[in-house]
Structure formats: C-alpha cells, structure tokens
Amino acid sequence: MSKVYVAIIGAGGVGKSFISQLNAYALRSKNHIISTILISRSSKAILSKDYSGLNLATWESDLASSSSSVKPPSFPEETLKFLTSAPGPVILVDNTFSGAIAAEYPRFLSSGVHLVTPNKKGFSSSLDLFKAIYSASKAQNGGYVFHEATVGAGLPVLSTLKDLIDTGDEIVKIEGVFSGTMSYLFNSFAPLSPSGAEKPFSACVAEARELGYTEPDPRDDLNGLDVARKLTILARLSGLQVSEPTSFPIQSLIPKPLESATSAEEFLAGLADFDGEMDKVKTAAESKGAVVRYVGSLDVGKGEVSVGLRNFDRGSAVAGLKGSDNIISFYTKRYGERAMIVQGAGAGAEVTAMGVLSDLIKVLERLK
C-alpha cells in the first residue's frame, strides 16, 4: 500500500469530527497507509517530525499536553517547508474559516500539496484568488483541490454541479435554501402548517441561537453574507465572473438601527421592536397562499445572482422543508422544468466533516 501524509489545520468542531472520521477510515483503508503528520490549532500543534505519523486515538490529550505539543509552525513558510519535505504525497486539510490561510492556497497547490477544505474564503472572496487557486492546481505538478463542504456541508452540491457541466448539460438556474440557520428560522417563524402558537421573529432568532443554529452573534447569519458566499462559489463554477460576494443584491434581515449594536445581547434585546415588520412579510405571503423563505438564486442565462426573502407556493419543495435542512434545485436544459433536487442537513460538524473526508478520499483515488 502507498503511503500518504495528511496535515490538518483547525481542530475545533468540524476539525474534531473530521479527525475521528479520518481515524476510522484510515483503519479500514486497503489501498493507502494514511499518516497524519500535523494537527494544528491557533496556539498549539502536534507534529510528527520524522513523518512516522501521529496517534489519532490520543491526539486531543497529546495536543493538551505541554510535553508533546509545540507552537504551531509559522504559516505559510515553516508549514510549507515541512509539508514539501515529506517523503510522499501530502494532503492539507484546512478546517478553519481563515482568509489569511486561504490566500496561501495557490502557493501550496503550486508546490504539489493537495488541498481539501470547507473554508469558503478562498473560493468566494476575490475572483483573482479563485482563479489563482484553480490555475495553481491545473499547473504541471499542481496539487488537487476539492471543497465540496463549502456549499451544503456534506450534501453533494458541488459534485452534482460538476457532473452536470462535465457531461455537457447546460445550467439554467440554481436556487434554494442554502443556510441551515435561515431554514430553521423561517420553518419556525412561518411554518407550512401554522398551529397558532408561532413565536415572533425575534423569539425565533433567540431560540435558534440557544440551540446553536446561529453564530454567537446572529447578525453574522442575518446579514445574508454566508448565503452570498455560497452563491458566489456556485456562480463562478457555473461560468459567471462574480467579482465579490457583495457584488449582487443581498437582503439583510438586520434592522438598520441595530447594525451598530455593540453586542449580540444588545442586538437581540432590540430586535423585538421590529417584529411587526416581519409579521407583515409573513402575513402578505399567507394572503397569497404562500410561505416566505430566505433563499439564494442564480440565473446563469441572465447572469443574475440574488439573496433574500421570497414567497413560495405551499406545495413547493422549498415550503415543505423541515428543521434546518437545505434544499438546492438545479434547473438545466436536460432536466427542463423538473429540477434536480439535493436536499438534507446542510450544517453541523459531523456532516461537514463527512464532506471534507469525502474530498480527501477523492484525492486518494487519484493518487493510485
């Protein structure tokens, strides 16, 4: 069996789940010996200086121990030198959300290091960086790059889009609910089958935060930028030259007077004052036999991308979503008016880690 080396940056929620899944996969792999040589957090790291591999069964205690952990190698210089000195192919797994790390992707790829990541920053920030990443990967001796989990966590969204395009189909439109947070909020606030006991929008936001569905500051979800980043990635992979995730209309659900709130608690305390506005939006949809949902839409033919509130017929797939599920509809020339639909959990550490591991397996398959 051939030996492959893995370096992991980011060992928080997604990173911890990924390491657990990687350990289980490595034990049952029949084609490769997988040797993890680096696990790094912002302030601590463990590394296998002789490339013999770390013990993934004890990595947490090893990282916590002062005797076995070290200061992380500097990024990118020391990290790149360590990885490119490995005696075989190396896969870098970036489980962070760091823009600074993403900016260095082209350098690692052009050095032959393969990359898998759920980090949206490299693929949704500047168009120049997006192009540089793929140019570095396609260059002679460039590393493979996969980022399925940047859109829809473990759902096969990007791979479905790639298959459609590679087989010669023509993408007409992509639309759907791309945020587990927004899905939960509007399934709670404007359910398909109202019980009469629905909570006001501000209470739904507070509940979603308590359950861990939102960022610590819900404004990071309600501003729509996370959805916009996902639409930017899909648009670029569909052939549209979207310059930035803020270059198209994004409907923020943050009331302007609360944009400058100094804390999440101050924001939530003031949000109830604006419940009336959201109630009007919900009532207007109901009067048309519809429900309101927060969606992203990409029209390839018109070259238009948008993110915001839209009404959906009560019999539609979007209206029938449950919990925090995502749903992405692909309208193509071959499929016509009956969209190809990908639906399921689009957030959570375990499913996101599964998407990352799936990408790592894709790299391994190409290294045979």
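Each chain carries its own residue numbering, running from 1 in the written order of its sequence. Residues qualify for local features only when their pLDDT is at least 70, as the model is predicted, and side-chain atom pairs are given and counted only at 80 or more; totals for whole chains, interfaces and linings, by contrast, use all residues. Excluding hydrogens and water, the side-chain figures rest on all heavy atoms present in the structure.

- Looking up the protein in an unreviewed UniProt entry gives the name Homoserine dehydrogenase, with the organism given as Tuber borchii.
- UniProt positions are given in the numbering used here, feature names are shortened, and annotations may be inferred rather than shown by experiment. Under the heading Catalytic activity (unreviewed entry), UniProt records this for the protein: "L-homoserine + NADP(+) = L-aspartate 4-semialdehyde + NADPH + H(+)".
- Regarding the protein, the relevant UniProt record gives this comment under Sequence similarities (unreviewed entry): "Belongs to the homoserine dehydrogenase family."

Remarks on the sheet that holds strand S6 (residues 145-146)
Part 1 of the reasoning: Any two strands are treated as partners once DSSP identifies two or more bridges connecting them. Under the scheme used here, helices are H or I runs from DSSP no shorter than 4 residues and strands are E runs no shorter than 2 residues, and both carry numbers assigned from the N terminus. Here we have six strands laid out as an open sheet, ordered S3-S2-S1-S4-S5-S6, and mixed in their pairing. Edge positions in the sheet fall to strand S3 (45-47) and S6, since each has one partner strand and no second.
Part 2 of the reasoning: As paired elements, strand S1 (residues 2-9) and strand S4 (residues 90-94) share five bridges and run parallel to each other. Bridge assignment links Val6 to a residue of S4, and that residue is Ile91.
Part 3 of the reasoning: It only takes one pair of heavy atoms within 4.5 Å for two residues to be counted as in contact. For every element, the axis is a line fit to its C-alpha atoms; helices are fit only across the contacting stretch, and the angle between N-to-C directions ranges from 0 to 180 degrees. Helix-sheet contacts for helix H3 (residues 77-84) involve S1, strand S2 (32-40), S3 and S4, and the interaxial angle to S2 is about 165 degrees.

Digging into the UniProt feature "binding site: L-homoserine" (unreviewed entry) in the protein
Part 1 of the reasoning: Sites flagged by UniProt as "binding site: L-homoserine" (unreviewed entry) map to Glu215.
Part 2 of the reasoning: As for its placement among the helices and strands, Glu215 is situated in the loop between helix H10 (201-210) and helix H11 (219-222).
Part 3 of the reasoning: Judged by relative accessible area, which is 39%, Glu215 ranks as partly exposed.
Part 4 of the reasoning: Excluding its chain neighbours within four sequence positions, the residues that come into contact with Glu215 are Arg209, Asp220 and Asp221. Each residue is assigned to one of three classes by its accessible area relative to the maximum for its type, calculated with a 1.4 Å probe on protein chains only: buried under 20%, partly exposed between the two thresholds, exposed over 50%.

Things to note about the UniProt feature "active site" (unreviewed entry) in the protein
Part 1 of the reasoning: Listed under "active site" (unreviewed entry) in the UniProt record, and renumbered for this structure, are Lys230.
Part 2 of the reasoning: In this structure, Lys230 sits in helix H12 (residues 225-237).
Part 3 of the reasoning: Setting aside anything within four residues of it in sequence, one finds Lys230 in contact with Lys120, Thr150, Val151, Phe178 and Ser179.
Part 4 of the reasoning: The term polar contact refers here to a pair of N or O atoms within 3.5 Å; inside protein, the definition further demands a hydrogen-donor-capable atom paired with an acceptor-capable atom, and it admits residues adjacent in sequence only when both atoms are side-chain atoms. Of note is the side chain of Lys230, whose polar atom sits 2.7 Å from the backbone oxygen of Phe178.

Here we look at unusual backbone geometry
Part 1 of the reasoning: Following Phe75, the chain continues into Pro76 via a peptide bond in cis, with omega recorded as 5 degrees.
Part 2 of the reasoning: In this structure, Pro76 sits in the loop between helix H2 (59-64) and H3.
Part 3 of the reasoning: The phi torsion at Asn141 lies on the positive side, around 65 degrees, for a residue other than glycine.
Part 4 of the reasoning: For Asn141, the position within the fold is in the loop between helix H7 (127-138) and S6.
Part 5 of the reasoning: One non-glycine residue with positive phi stands out, namely Ala153, at about 55 degrees.
Part 6 of the reasoning: Mapped onto the fold, Ala153 is located in the loop between S6 and helix H8 (157-166).

Considerations on the environment of Ala228
Part 1 of the reasoning: If you trace the backbone, Ala228 turns up in helix H12.
Part 2 of the reasoning: A relative accessible area of 0% places Ala228 in the buried class.
Part 3 of the reasoning: Taking the C-alpha atoms as reference points, Ala228 and Ile250, 22 residues apart in sequence, are found 7.0 Å from one another.
Part 4 of the reasoning: The contact partners of Ala228, leaving out residues within four places of it in the chain, are Pro245, Phe248, Ile250 and Val307.

Some details on the domain arrangement of the protein
One frequently used descriptor of interface size is the decrease in accessible area upon assembly of the parts.
Part 1 of the reasoning: Where a domain begins and ends is set by an automatic assignment or by a domain database. Considered domain by domain, the protein is made up of domain 1 (2-153 + 350-366) and domain 2 (157-345).
Part 2 of the reasoning: Taken over C-alpha atoms, the centre of domain 1 sits 30 Å from the centre of domain 2.
Part 3 of the reasoning: Facing the 17 residues of domain 1 at the interface are 19 residues of domain 2.
Part 4 of the reasoning: Carbon and sulfur atoms supply 62% of the area buried between domain 1 and domain 2, which totals about 1,500 Å² over both sides.
Part 5 of the reasoning: Buried area is understood as the total, over both parts, of accessible area removed when two parts are fitted together, assessed with a 1.4 Å probe. Together, Ser124, Leu127 and Val151 form the three largest contributors to the area buried by domain 1 at its contact with domain 2, with a combined 35%.
Part 6 of the reasoning: For this analysis, a salt bridge means a side-chain nitrogen from Lys or Arg found within 4 Å of a carboxyl oxygen belonging to Asp or Glu. Linking domain 1 to domain 2 there are one salt bridge.
Part 7 of the reasoning: The salt bridge involving Asp226 is made with Lys120; its shortest N-O contact spans 3.3 Å.
Part 8 of the reasoning: At the junction of domain 1 with domain 2, the criterion picks out 10 residue pairs in polar contact (both at pLDDT 80 or more).
Part 9 of the reasoning: Those elements that place two or more of their residues in the side of domain 1 that touches domain 2 are helix H6 (121-124), H7 and helix H15 (349-366).
Part 10 of the reasoning: The leading source of residues in the side of domain 1 that touches domain 2 is H7, at four residues.
Part 11 of the reasoning: Each residue is assigned to one class: nonpolar for Ala, Val, Leu, Ile, Met, Phe, Trp, Tyr, Cys and Pro, charged for Asp, Glu, Lys and Arg, and polar for all the others, Gly among them. Classifying every residue of the side of domain 1 that touches domain 2 by side-chain character gives six nonpolar, six polar and five charged.

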